[in-house]
Amino acid sequence: MGYELDMINRDPNGLNDHVRVLFDEVLAEPDGAHSFNCVWNCAFKCFNCWKGCCYKTLTLFCGIPLAMCWGCEFAYITFWHVWYVTPCMRTYMINCGCLQKFYGTCLQCYCQPLCEAYSYFFSNIRVTNYSG
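Just so you know, these numbers come straight off a predicted model, no measurement behind them.

What follows covers the packing of aromatic side chains. Under the criterion given, the structure shown has 9 aromatic pairs. Between Phe23 and Trp40 the ring centres are 5.0 Å apart and the planes differ by 65 degrees, which places this aromatic pair in the edge-to-face class. Placement of Phe23 in helix H1 (residues 23-26) and of Trp40 in helix H2 (residues 37-123) is noted, with a sequence separation of 17 residues between them. With a centroid separation of 5.2 Å and 90 degrees between ring planes, the pair formed by Phe23 and Phe44 is classed as edge-to-face. Here Phe23, found in helix H1, pairs with Phe44, found in helix H2; they are 21 residues apart in sequence, far enough to count as distant. Here the aromatic residues Phe23, Trp40, Phe44 and Phe47 are joined through ring pairs into a cluster of three or more.

Conventions used here
Residues numbered from 1 in each chain as written. Predicted model: local features only at pLDDT ≥ 70, side-chain atom pairs only at ≥ 80, totals over all residues. Heavy atoms only, no water. Phe/Tyr/Trp six-rings, centres within 6.5 Å; stacked < 30°, edge-to-face > 60°. Helix = DSSP H or I, 4+ residues; strand = E, 2+ residues; numbered from the N terminus.

So, in structure tokens, the structure goes:
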């Protein structure tokens, strides 16, 4: 692989910054509506326990198969881009460069003389303002 897996910071690029799953990011009591401290403390412990147990169970049974599916998906995307999309884009860029030169030459040959002729024609126009 060429690199070591960071077992502490598992989202070093912040891909899941939008996922808010801590107790105080999900549940909150506004001022004037507080439950008993023992209820709030018990809810905190139950929330974290069940969230942890369910997440670990789901990853145990689904994490590896899903990782395999996503690995195949990104392998397919990489294959598609390397062997089809990038060569098509390169072909398009080559053809566009050729067409750009062709149309540029046509414009210089046909439009430039016309524009110069019109500029000579309109250069003799004099505008005078009379205030009267």
